[in-house]
Structures are given as C-alpha cells and as structure tokens.
Amino acid sequence: MEEGSELSLTIAQIVQRLKGSHLHSQIERQAKECLHQPEIKLESLKEDVRSFLKTSGWERQLQNAVYRELQLPPSHPTAPPEHLKEPLAYMRKAQASWEKRVLKSLNSMSTELGVPLARMRPPVEQKELTNKWNEMGTDEPDLTRFRPVYAPKDFLEVLISLQNPNHDSSEDVSVRSHWGLIQVPLNVRDIPQLRQAYSELNLTSGQLGIDDHAHIHPGIHKKLVLEQDSAAAQQYSRQGCSTGLRADLWALILNSTNQPQDVMHYEQLTAGVIQHDLLVDNLIYKDVKLTASNDDYYFVFEDFLYQVLLCFSRDTAVLEHFKYNSATPPKSFIQGVIPFHGFSMYVAPLCFLYNEPSKLYSVFREMYIRYFFRLHSISSSPSGIVSLCLQFERLLQSHLPQLFYHLRQIGAQPLRIAFKWMVRAFSGYLSTDQLLLLWDRILGYDSLEVVAVLAAAVFAFRAENLMEVTSLASAEAVLADLSTLKVMPLIQIFLFATAI
C-alpha cells in the first residue's frame, strides 16, 4: 500500500511540474489543432488524438520529459524545503558558510576596486559591445586588479575541515579510514559494487575508446536520434558515442532543444549582457584568459566561451537547480553562479560539438544543472564533490595501500593532487577526444562517480613511479601530464582487472 501511495504521489508531482512547462502548452495546442482534421472522429476522439500525438512525435517528447523528471531527486510533501535540498544539517551549514565567504570576497573586491556589482552600460558602450560580440577575444582589457574569487585548492581546504558532529570516528573499524583527508562518514561504492553498477564497461564488452571498430553499428545511433528516445540514447552512451553523432545524442539525453523559444531565450540573455555590466564579467574574462586561451585545444573557442559564460551569469532559469541542491542562489545583483578559477573549462569541450551559440548554451546549461554544479557545492549527493573525494581516497587506500601510505608519509596526500582534476571533471587535463569519451559515460550512467574512479586509476597506472618520489613536488611532476592517457583502458583495468 505504501509503495502504491508513493508512486501516486510521484506521478502527481511529475504531472504538476509538467503542467507549467512549455512542452505542455505545445502538446495542448497540437491536440486542439488536430480536432479539425478529417481522421479525428467524435466517437473515438480520445484514441484518435492519442494516435495523432504518437505519430507526430509529441508522445516521444512527453516520454523524454517524464524520464528526465524521474531522474530528479524525489520530493516529499511533509519535508521542509531545506531538507529536500540536503538532508544532512552539517552539510547545509557548511554550504551556507561557504556561500557567505564567497559573496563576502566578491563584495570586498567591489569595495576595494570601486567597481559596482552591476551597472547599466551607457549607449555608446552598448553599441561597441554589440559590434564586437563575435570577436570579444580580440579585446585586451586590463584585468590585473581582478583576482578569482576562489581557486579549487581553497575549496578543498573547506572540504577537509568538514566534520559530522554526531559521528564518533573511534567506531571506524579500519585504521586506514584515517589515512585520507576527507573525514565524513558517507556511503561510497567499493570495487565489487562498482563492477555491478558499471557492468557495461567490463573487459568483454565493446567500448568506444578501446575497440572502436567492434562497437555498436553507427546505424543504431542514427536510429536513436531519429526516434528521439532519450532513455535508449542514455543506455547506448554507456559504451561511448560515435564522433559524428555525439552532439545529437548528448542533446537528446539532456532533453536539450534548439527550438525558436530556446533561441529567443538566448537572445534575451545576450541583450541583458549588452545592457548591463556585472563585476563577475571581469572574472569570466580573466578566467578564460588564464585557462582556455592558454590551452592548445581550446584557445580557438575564446569568443564562444565569452558569449556563453556572460549569458550564463544572467540566466535566472539556472536558479531552478537550487531546488535540488544544498546551495542557495546568491542575492543582490548577482543573479547566477559566481565563477571560480577554471570554471570556463566546463564549457570549452562542448565547443567541439556545437558551433551554434544558442545550441551550445542550451547543452552547457543542462550539463551544469545536472552535473557540474555538484563539483563546486557541498552536499552528501553520491555525485557531489565530497563523495567523489571520499570515494577516490577509499579506492586508493583499499587497493593500493602501500602507495597511499608512502605518499601520505612524504606529505603528498593523493587528494591534494587529484582534486583539481575532479573539480573540473578532468577538463583541461585529458586530450579532448579522451575527455569526451569520459563525459559519454557521465551522461550514460547519469553520475559523476566515474570521475573518482578515473582519478584512482591514474594513480594506479603511475604507481611504480610514484613509489619512488620523495616529495609532493616530485609526485605532482609524475602526474603533471595526463594528455597521453587513454581513459577507457585505465577505467576498465582498474575496475575489472584489479584483484579484490
């Protein structure tokens, strides 16, 4: 009975959410319009309308929307809103404290530099920006006064200091649980559990990224795109997407469209950038200059990055994701997410897939709302950065205890090296083709867990060299260049060829 009532509640919540959506109004309009068609009979009205919606593709779009809703965290009518966002009180408190610190840093910068958080651009400036919108990369503004609000290493220190006040660490069975930097008791999967969860990655399954010719025939991928089946596309992405169809498959999995209303939304955001200048715009410029502009793969996309990130900083629709996150939207003129050092690298790889700014923007926004926000906010989510750090340390401790102990003894805690990879989902560290193969699996499994697995696999791969290092600097040197690594063989060997 309890299961039945829970299911009814879930259905009611999904119906309620979809009722206010653009898709609902589109389907409603189509249903009304089809009533004028001769094949629609009054005596079989319900069946005929349903048949019309099925043959015209609207039923599939509705199924994809429902599938996406089912992937959102379940809500409970009696739970307070903050508990829906994050069930653990100490995590909520830590996230709130971190947000205050970041906002304080931004406000201090505004005061020190005498630069307002937001201002209306004068007409002359608006015209100048409109004229150079597609070539902002040629601009060389003086950004020496501006500094990133925070860097990943600052955030790591906050995660290291996290403590559950109700947990007695003396109850931990293994002394090894104290070897790592993360000291919060979260449930993370070990290798046997990961093998089960990621069974499609086993050594006998065809994988794009290893044996590309033995993989699923591209005709199946084309069929998926034609049929617009989001769930099936996600399943196939687990074994990798073919290069030519990756852009379409990712957009399908994310339910990201480029309909006229999406293009119009992007144009409205662009108009917002033209009209108002925000302090965070300078942080975006500086981040792109410091990261993507200096990257051999991504420097050519500099203009795209400015366009997408400046629009993103003004998109209030992004704040919807805070319903399912421990974070809360920043107040005042800061309507969106405050960028940190390396933030632009979440967008850069997508530039290889999408050359239309509105489409690129739509896909990035979905990627951010589903995945990337979890990498820079404090939560107990299995895909959250705290869980990923803990999982990385546990995997390394369990399967390479000697290496872990050695690195710890010389002051080279593995997480201090791996954190920068994980917080950017490896963007900027792997070669682009390998990064896209990794992100295929993130989308396929709807989880960032594979990021922690790869981080541990990299240490396992370089274990021999790491056993000989004598300092943090020398350990970092061994792991400085990941651009030649092949992602899928590393993950497969670590998960399925490691002795348990």
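Given the structure is predicted, the values throughout are model-derived calculations rather than measurements.

Asks: Account for the overall build of the protein, with residues named and values stated.
Replies: Looking only at helices and strands, the protein has 24 helices and 2 strands in total. Expressed as a percentage of its 500 residues, the buried residues of the protein come to 52%. Across the protein, the fraction of contacts at a sequence separation of at least 24, relative to all contacts at a separation of at least 6, is 78%. Taken as a whole, the protein presents about 23700 Å² of accessible surface, with 55% of it coming from carbon and sulfur.

Asks: Tell me about the packing of helix 6 (residues 89-113) against helix 14 (residues 279-290), and please be specific about residues and values.
Replies: Where helix 6 meets helix 14, the closest approach of the two axes is 11 Å, and the angle between their N-to-C directions is 100°. It follows that helix 6 is roughly perpendicular to helix 14 by the angle criterion. Contacts from Leu106, Met109 and Ser110 of helix 6 reach helix 14 at Leu279, Val280 and Leu283. Looking at the contact of helix 6 with helix 14 residue by residue, the classes come out as 5 nonpolar, 1 polar and no charged.

Asks: Before we move on, can you summarise the confidence of the model for the protein with the specific residues and values?
Replies: With 78% of its residues at a pLDDT of at least 70, the protein reaches an overall mean of 84. Counting interchain partners and residues more than four positions distant, the pLDDT-below-50 stretch residues 74-79 has 8 contacts.

Asks: Run through the environment of Ala292, naming residues and quoting values.
Replies: Its location among the elements puts Ala292 in the loop between helix 14 and helix 15 (302-312). Judged by relative accessible area, which is 0%, Ala292 ranks as buried. Separated by 136 residues in sequence, Ala292 and Gly428 place their C-alpha atoms 8.0 Å apart. Among all residues touching Ala292, those that are not within four sequence positions of it are Asp287, Tyr298, Phe299, Leu305 and Met345.

Conventions adopted
- Residues numbered from 1 in each chain as written.
- Predicted model: local features only at pLDDT ≥ 70, side-chain atom pairs only at ≥ 80, totals over all residues.
- Heavy atoms only, no water.
- Helix = DSSP H or I, 4+ residues; strand = E, 2+ residues; numbered from the N terminus.
- Buried < 20%, exposed > 50% of the residue type's maximum accessible area, 1.4 Å probe, protein only.
- Contact = heavy atoms within 4.5 Å.
- Areas by Shrake-Rupley, 256 points an atom, 1.4 Å probe, with all protein chains shown as cover.
- Axes fitted to C-alpha atoms, helices over the stretch in contact; angles between N-to-C directions.
- Parallel < 35°, antiparallel > 145°, perpendicular 65-115°, else oblique.
- Nonpolar A, V, L, I, M, F, W, Y, C, P; charged D, E, K, R; others polar.
- pLDDT = per-residue confidence, 0-100.

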